[in-house]
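Inside the fold
Here's the letter readout for the chains.
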Amino acid sequence: MMQRPGDRSGRRPSRKPAPKAEGAPGRRGAPPGRKEQAGSSPKPGSPAKKQAERRRRREELGEPELSTADRPSQGRRKEDRRPSFKEKRAPPKKEKEVPGKEEMWKGLKKHRSSSLASSATGGESLSEEELAQILEQVEDKKKLIATMRSKPWPMAKKLRELREAQEFVEKYEGALGKGKGKRLYAYKMLMAKKWVKFKRDFDNFKTQCIPWEMKIKDIESHFGSSVASYFIFLRWMYGVNLILFGLIFGLVIIPEVLMGMPYGSIPRKTVPRAEQEKAMDFSVLWDFEGYIKYSALFYGYYNNQRTIGWLRYRLPMAYFMVGVSVFGYSLMIVIRSMASNNQGSTSEGESDNFTFSFKMFTSWDYLIGNSETADNKYVSITTSFKESIVDEQESNKEENIHLTRFLRVLANFLVICCLCGSGYLIYFVVKRSQEFSKMQNVGWYERNEVEIVMSLLGMFCPPLFETIAALENYHPRIGLKWQLGRIFALFLGNLYTFLLALMDDVRLKLSNEETIKNITHWTLFNYYNSSGWNESVPRPPLHPADVPRGSCWETAVGIEFMRLTVSDMLVTYITILVGDFLRACFVRFMNYCWCWDLEAGFPSYAEFDISGNVLGLIFNQGMIWMGSFYAPGLVGINVLRLLTSMYFQCWAVMSSNVPHERVFKASRSNNFYMGLLLLVLFLSLLPVAYTIMSLPPSFDCGPFSGKNRMYDVIQETIENDFPTFLGKIFAFLANPGLIIPAILLMFLAIYYLNSVSKSLSRANAQLRKKIQVLREVEKNHKSVKGRATARDSEDTAKGSTQNATQLQLTKEGATPHSAGQSQTLDKKAQGPGTSSSASETVLPASQHLPVSRPPGVRPDSGRARPQTHPWRSASAKSAQRLPR
């Protein structure tokens, strides 16, 4: 005979009832007959015995007993049981009883874990059902660990649950195998955990190995991410230059020094006789003349032998390919950084819809760790709110448009005049320096006049532009963009003016080179063919220091770039030392004995000039890219400059500067810096490409001497070192009829990709508008639904009040009658169709009249449900028919 789900006859007599905190509520209401029936022991092999065995196994695994909802018969008995009068009058349960449930479930979890511990660690063999249950629980714990961050729990509860879940997974994950499989599985899990820990530790090690990471974090905590972005950019530039230096040093300088001809063996590697007396003077070496000029730092030192050393290393080809690779690698790394910044940054989109929400919830910089910087950031956010309000007001304000246009045109005219004046001044100084180079006993200022003038223009022109910009009455953000654009135009104009003046000098030297070449050949011919020498004794070779030299315009260009880089570095350091450190010392120590507050007023402490330092760094890198082809050692000088700049500027900003009054995030400026760097890279490529393709190299210096153009080394290498069919293929690829269509195809591809990008951005904007419309519709729907719910609750409350008043009046009217009269009225209300057994179950009217709630409303619910019991409706009708 099958046992019913609610039947408890299968319980073992030795099992004690579970305590309140751990188990089964609802056993208290079992009738006594059931308990007596439970006391009888089941027969062996009967279904009751099997059910008791399954129940015992569940208890060992810690599974909770079935609740009243899971036991149909018992739940049915509870629903059929009539509530007593005390239960009706009892108030609804309060929220204080909820912690009791939590404690009950905590005890249940402890009981379950203890039972699992006894079964898993005790060496027992687990059944398939138990293994499946453990596996399910382990998977649930893993999901809980993975989704713990998104749980809306307090932090203490998160930590407690996370600890318990991790302990559970670590303890019982190895119990899923059997015998040797169990040990193998446990070993695999252990190795997986060790591997995860190793990767995490290795990532931490890599983070610690990042140079200047803690120093930059310290600056970021005091000055915000905007100042730290400059130092991150400086570190990135240092890494790029370090790779370029390794490329040039390993493939050009080291092979020439180790396998090339030594110093003093040929004229290009020897100081001329007239310069040897002062070749080691400091003033000469400071100008990169003397022994430095005839060293491996410059283009003229390298020999034009096609192969050198026992490795038959092709140095001219390596020099050309390394020069091209410098630009190729730089272009690739800049574009890659821009792409990664675009992928990592969130799309700004059209943030006009939620301006104040974005500023409220996303403006704070959580990397700030200094109180003064935090105060400045707080003021900056407040100011941005005020600016947004002012922008809205300014957009609706009418102004004198003619006067504004006149002032802006006047300001641009003054800026253009300043740019033209600075360009003419640089051109004039370069021409004057060419005249000084022909004179003897020239002073230090005349030798370094070009570098000094360019540095002074870069120092004083930006403040002048800022003063002129006050006439334009632009918004501060627009004004900042104009300021950066004008400084960029100033640096670019000065650089290209300098290059144009150098090109004039190069053309002058090229025009005189043919004469010097003839003089050199005539001198050598006269030396080896002059009379008066004994024919029997071989004539010794002419000493390289006595051979007439050409101008070697490539080395001259490299020296100018080297001087410009060093002078720019010194001016930057002096500006920081005088303008920041000494100013900070004066303000700090003279503030006590001065007439006004020096810290709050003039001169105050200096702020770190982010835009000026970034633009200076970008244009210095442009000079490195242009000059590295003519001076291979220039990249090494720049690596030392960036290394010293990192330490010197970090010290200066921490000791002499104060945080900005308006602290900005740096996420929007990274790609702007990279865009400027990409533009400077392209503009630096143009002069080098012009000299490679158009100008003839010097005849007596450099790896390309003796050739008509520098790129002839490629054709020579293809003809001598490659098979014939490869030479034909390269000649076919170099055909202009193929290059021009390839360039046109490239432009068409760029135009197509740009059109696709614009269409995707438009589709993105339309999707954003649709999402916004859907959000507004959903918000309106929720508001309408909320108003309807509030209206329904008000109507329900009014109806409940009216029913309670009516029942109170009914109760007062039913009190004078006796119990017998009430029973008589109830029998009349039931009608003639009721059975005698039904009439026996009718309670007195005084027991089923509700006190403070309408009929059909449960104590723990807020909605009234219809009457389901006919005897309640009958009693209510009988109560309403009582005489008044």
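Because the structure is a prediction, the values reported are computed rather than measured.

Across its full length, the chain carries 28 helices and two strands. In the chain, buried positions account for 34% of the 884 residues. The long-range share in the chain, meaning contacts at least 24 apart out of those at least 6 apart in sequence, stands at 75%. Of the roughly 55,300 Å² of accessible surface on the chain, a fraction of 62% belongs to carbon and sulfur atoms.

Disulfide: a covalent bond formed between the sulfur atoms of two cysteine residues. With the rule as written, the count across this model stands at one disulfide. Here C552 engages in a disulfide with C701; their sulfurs sit 2.1 Å apart. Residues C552 and C701 share a disulfide whose torsion about the S-S bond is about 105°; that sign makes it right-handed. Here C552 is found in the loop between α18 (476-529) and α19 (553-590), whereas its partner C701 is found in the loop between α22 (670-694) and α23 (712-721), with 149 residues between them in sequence. Exposure remark for C552: the relative accessible area of 10% places this residue in the buried category. Under the relative-accessibility criterion, C701 is labelled buried at 4%. Between C417, a free cysteine, and C420, which holds the nearest cysteine sulfur, the sulfur-to-sulfur gap is 6.6 Å.

Within the element layout of this structure, T555 appears in helix α19. With relative accessibility at 4%, the residue T555 sits in the buried group. Excluding its chain neighbours within four sequence positions, the residues that come into contact with T555 are K293, F298, Y299 and G300.

Here we come to the side chain of T270. Mapped onto the elements, T270 comes out in the loop between α10 (225-259) and α11 (282-286). Within the structure, T270 has its side chain in polar contact with the backbone oxygen of I266 (distance 2.8 Å). Leave out the neighbours within four places in its chain, and T270 touches Y263, G264, S265, Y294, P544, A545 and R549.

Our focus in this paragraph is the environment of L634. Turning to its location among the elements, L634 is positioned in helix α21 (residues 634-655). With 68 residues separating them along the chain, L634 and V566 place their C-alpha atoms 9.9 Å apart. Those residues within four positions of L634 in sequence are excluded, and the remaining contacts are F561, M562, T565, M623, I624, G627 and S628.

Here we come to the confidence of the model for the chain. Close inspection of predicted coordinates is inappropriate for parts of the model with low pLDDT. Residues at a pLDDT of 70 or more form 71% of the chain, whose mean pLDDT is 74. Ranking the helices and strands of the chain by mean pLDDT puts α21 first, with 93, and helix α27 (residues 836-840) last, with 38. Taken together, the stretch residues 63-81 has pLDDT below 50 and engages in 26 contacts with residues farther than four places along the chain or on a different chain. Note that residues 85-105 has pLDDT below 50 and, in this model, 17 contacts with residues that lie over four places away or in other chains.

Another aspect to go through is the packing of aromatic side chains. If you walk through the whole model with that rule in mind, you get 32 aromatic pairs. When the ring of Y424 is compared with that of F428, the centres are 6.5 Å apart and the planes differ by 20°; the resulting orientation is stacked. Taken as a pair, Y424 and F428 lie in helix α15 (residues 401-437) at a separation of four residues, close to a single helical turn. On the basis of relative accessible area, Y424 is assigned to the exposed category, the value being 58%. Judged by its relative accessible area of 43%, F428 is partly exposed.

What follows is about the packing of helix α17 (residues 449-468) against α19. As a packed pair, α17 and α19 sit with axes 9 Å apart at the nearest point and diverge in direction by 45°. Considering their axes alone, α17 and α19 lie oblique with respect to each other. Handedness of the crossing formed by α17 with α19: right-handed. Contacts between α17 and α19 involve E451, M454, S455 and M459 from the former and E560, R563, L564, S567, D568, V571 and T575 from the latter.

It is worth spelling out the environment of W364 at this point. Here W364 is to be found in the loop between α13 (355-362) and α14 (371-396). Classification of W364 as partly exposed rests on a relative accessible area of 29%. Taking the C-alpha atoms as reference, W364 lies 9.1 Å from A374; in sequence the two are 10 residues apart.

Here we come to a nonpolar patch on the surface. Residues F282, W286, W444, Y445, L570, I574, L577, V578, L582 and W651 make up a contiguous nonpolar surface patch of about 1,000 Å² in total accessible area. The set of elements that each furnish at least two residues to the nonpolar patch consists of α11, α16 (444-447) and α19. Per element, the largest residue contribution to the nonpolar patch is five residues, and it comes from α19. Along the chain, L582 turns up in helix α19. For L582, a relative accessible area of 45% translates into the label partly exposed.

For the rest of this paragraph, the subject is empty space enclosed by the protein. Counted by the stated rule, this structure contains three cavities of 30 Å³ or more. Computed from the structure, the largest cavity encloses a volume of approximately 100 Å³. Residue lining of the largest cavity: I248, V252, Y319, V322, G323, V326, F327, S628, F629 and P632, and that is the complete set. Elements that contribute at least two residues to the lining of the largest cavity include exactly α10 and α12 (315-344). The residue makeup of the lining of the largest cavity, split by class, is eight nonpolar, two polar and no charged.

A general feature of soluble globular proteins is that nonpolar side chains tend to end up buried together. Core analysis: the largest hydrophobic core is formed by 103 residues, its most contacted members being F231, F233 and F498. Looking at this core element by element, the count peaks at 14 residues for α18. If we ignore the near neighbours within four places in the chain, the residues touching F498 are I426, V430, V450, M454, E560, F561 and L564.

Because each turn of an α-helix spans 3.6 residues, side chains separated by three or four positions in sequence point in the same direction. Taking 1.5 Å of rise per residue, the 19 residues of helix α6 (residues 128-146) would be expected to cover 27 Å, and the 27 Å separating its terminal C-alpha atoms lies within 8% of that figure. Of all the positions in α6, only E130, L131, Q133, I134, Q137, V138 and L144 are classed as buried. Along the axis of α6, the buried positions cluster into a sector of 160°, meaning they face one direction only. When the buried face of α6 is taken as reference, the exposed residues oriented beyond 90 degrees from it are E128, E136, K143 and A146.

Rules used throughout
- Residues numbered from 1 in each chain as written.
- Predicted model: local features only at pLDDT ≥ 70, side-chain atom pairs only at ≥ 80, totals over all residues.
- Heavy atoms only, no water.
- Helix = DSSP H or I, 4+ residues; strand = E, 2+ residues; numbered from the N terminus.
- Buried < 20%, exposed > 50% of the residue type's maximum accessible area, 1.4 Å probe, protein only.
- Contact = heavy atoms within 4.5 Å.
- Areas by Shrake-Rupley, 256 points an atom, 1.4 Å probe, with all protein chains shown as cover.
- Disulfide = S-S within 2.5 Å.
- Polar contact = N/O pair within 3.5 Å; in protein donor to acceptor, adjacent residues only side chain to side chain.
- pLDDT = per-residue confidence, 0-100.
- Phe/Tyr/Trp six-rings, centres within 6.5 Å; stacked < 30°, edge-to-face > 60°.
- Axes fitted to C-alpha atoms, helices over the stretch in contact; angles between N-to-C directions.
- Parallel < 35°, antiparallel > 145°, perpendicular 65-115°, else oblique.
- Left-handed = near helix turned anticlockwise from the far one by under 90°.
- Patch = residues over 30% accessible without salt bridge, like charges linked within 9 Å, V, L, I, M, F, W, Y side chains within 5 Å.
- Salt bridge = Lys/Arg side-chain N within 4 Å of Asp/Glu carboxyl O.
- 1 Å grid on protein atoms, 1.4 Å probe; cavity = no way out; pocket = protein on both sides within 12 Å on 5 of 7 lines; lining within 4 Å.
- Points joined across faces, edges and corners; volume = space filled by probe spheres on them.
- Nonpolar A, V, L, I, M, F, W, Y, C, P; charged D, E, K, R; others polar.
- Core = buried A, V, L, I, M, F, W, Y, C linked by side-chain atoms within 4.5 Å.
- Expected span 1.5 Å × (residues − 1).
- Arc of directions from axis to C-beta.

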